[in-house]
Amino acid sequence: MAAGRGAELLRPPMSSGRATFLELFFDLAFVVALTRVSQRFAGLSDDTGWALVNGFGRTLLLFLALWLIWSHTAWITSRYEPEQPIIQAVVVGTMFAGLIMAVTLPRAMEERALPFAVAYLMVMVVRPLVVAVALRGHPRRLVPFRLVVWALASAPLWLVGALGPDHLRLPLWVVALAVDYLAWTLGWPLPWFGVSKIGRWRIAGTHLADRYQQMFLIALGESILVIGVVFSGADYSAERAAAFAVAFATSALLWRIYFYRAGLLLTEAFGRAGMPGRLGAVSERTHLLIVLSVLVTAVGYELVIDHPFGQPRPSWLLFVVGGPMLFLVARMRMEHEILGQVSRSQIVGLAALLLSTPVLIHWAPMVGLSVVVGVLALVAFLGALGRRGQPLEVPASPIGRDTSGDRDSEA
């Protein structure tokens, strides 16, 4: 009887795999957030040496905090019924907190540290507590309680970092975020209760795959926004118009490479997985890298459109070439997760970018982005050529094959 109370919050086995309108509305807050992250990265374009490393690390930390909020929400709506009023309230509350984090993000490592940390902790502590109470006597209530305990363990580090001296903020927040990610990886272990690894959770796998694809498209949309805003605000010239076109072609090729074969089969792979939670956990890390790579590449667009033939600097190479390189690495990882193999065309493309990097550091930004778009076009062409006339593969993921029912009692 106890297990029956709160069971109405769980996703039914035959629920739709499509995201609800509320979830798409929720993503709007993260459109703002990703734009703020991109702007912080863009502010590093003139930095070198330790200043560049430190600035990049600070912005990366803020991005990882946002990603954790978004990822947890995606898992919640894949695990619980998003049409239930309490789950909808949780999503809307998370959206508001995410919006606070977004608007404070440009100065979140400075004078706006406290509202950023408080908004983050409101999600990490209050949200699972609400879900646990709503589940009442259901066995799954122990999972959100685990999240509360671990979030409370890292909360003092977030608050002391926000309120304490500026020079302690970064190390304290690094440790706090490491605790939050480690807890997620280990399954929030507690004495006497063991662990509850997300790889064993019962989720709507096709819904989670849909959410990952949507977040990639949001990041790609942010890159298109950068292209349009930067070009519309700059003095028109033939050089900038050419940079505008090359930047757009780069984003179009990122879309093509992502969805060709493996990207199209992502939803089917989740549907076929015996334990979709395992595939979802691995795919979450892969999409973190993919989204980050698109944001970094978008900063490269801004640099190239603003100064297509300006004086080359080491920092711009990190964005113009480093972003696409990270994308290819993450895309190869995704192909292995879905098809159990890696495309030769992507290996060739990554090798080409690695070999060209030492030469490109001496050339103007426009040259670097032109080389990038040429390499990505080669990757797309070779990939299509190798599969010409062949039917679309059936997903053969080496992850999540276990159908033995080895799941937590709380799953």
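In what follows, the accompanying structure is described.

What counts, and at which threshold
- Residues numbered from 1 in each chain as written.
- Predicted model: local features only at pLDDT ≥ 70, side-chain atom pairs only at ≥ 80, totals over all residues.
- Heavy atoms only, no water.
- 1 Å grid on protein atoms, 1.4 Å probe; cavity = no way out; pocket = protein on both sides within 12 Å on 5 of 7 lines; lining within 4 Å.
- Points joined across faces, edges and corners; volume = space filled by probe spheres on them.
- Nonpolar A, V, L, I, M, F, W, Y, C, P; charged D, E, K, R; others polar.
- Helix = DSSP H or I, 4+ residues; strand = E, 2+ residues; numbered from the N terminus.
- Expected span 1.5 Å × (residues − 1).
- Bend = angle between axes of the 7 residues up to and from the residue.
- Buried < 20%, exposed > 50% of the residue type's maximum accessible area, 1.4 Å probe, protein only.
- Contact = heavy atoms within 4.5 Å.
- Axes fitted to C-alpha atoms, helices over the stretch in contact; angles between N-to-C directions.
- Parallel < 35°, antiparallel > 145°, perpendicular 65-115°, else oblique.
- Left-handed = near helix turned anticlockwise from the far one by under 90°.

### Side note on empty space enclosed by the protein
So, step 1. Within this structure, the stated rule accounts for 3 cavities of 30 Å³ or more.
So, step 2. Approximately 250 Å³ is the volume found for the largest cavity.
So, step 3. Its residues assigned to classes, the lining of the largest cavity comprises 17 nonpolar, 1 polar and 3 charged.
So, step 4. When its volume is computed, the second largest cavity comes out at roughly 100 Å³.
So, step 5. Lining the second largest cavity we find Arg256, Ile257, Tyr260, Arg261, Arg331, Glu335, Ser343, Ser345, Gln346, Val379, Ala380 and Gly383.
So, step 6. The set of elements that each furnish at least two residues to the lining of the second largest cavity consists of α8 (238–272), α11 (322–339), α12 (344–360) and α13 (365–386).
So, step 7. When residues of the lining of the second largest cavity are assigned to their parent elements, the largest contribution, 4 residues, is made by α8.
So, step 8. Residues that form the lining of the second largest cavity fall into these classes: 4 nonpolar, 4 polar and 4 charged.

### Some remarks on helix α5 (residues 142–163)
So, step 1. Across its 22 residues, α5 extends 32 Å between first and last C-alpha, which sits within 8% of the 32 Å expected from 1.5 Å per residue.
So, step 2. At serine 154, α5 shows its maximal kink, close to 35°; a proline, proline 156, follows between one and four residues later.
So, step 3. Buried residues of α5: Val143, Pro144, Arg146, Leu147, Val148, Ala151, Ser154, Ala155, Trp158, Gly161 and Ala162, and no others.
So, step 4. Packed against the buried residues of α5 are α2 (49–79), α4 (113–135) and α6 (166–186).

### Side note on the packing of α8 against α11
So, step 1. Orientation of α8 relative to α11, taken along the N-to-C sense of each, is 25°, at an axis distance of 9 Å. As judged from the angle between their axes, α8 and α11 are roughly parallel. The handedness of the crossing between α8 and α11 is left-handed. Here Leu254, Ile257, Tyr258, Tyr260, Arg261, Ala262, Gly263, Leu265, Leu266 and Ala269 of α8 lie close against α11, whose contacting residues are Phe327, Arg331, Met334, Glu335, Ile338 and Leu339.
So, step 2. A per-class count over the contact of α8 with α11 returns 12 nonpolar, 1 polar and 3 charged.

### As for unusual backbone geometry
So, step 1. Here tryptophan 188, not a glycine, exhibits a phi torsion of approximately 45°, which is positive.
So, step 2. With respect to the element layout, tryptophan 188 can be found in the loop between α6 and α7 (205–233).
So, step 3. Although it is not a glycine, arginine 261 sits at a positive phi angle of roughly 65°.

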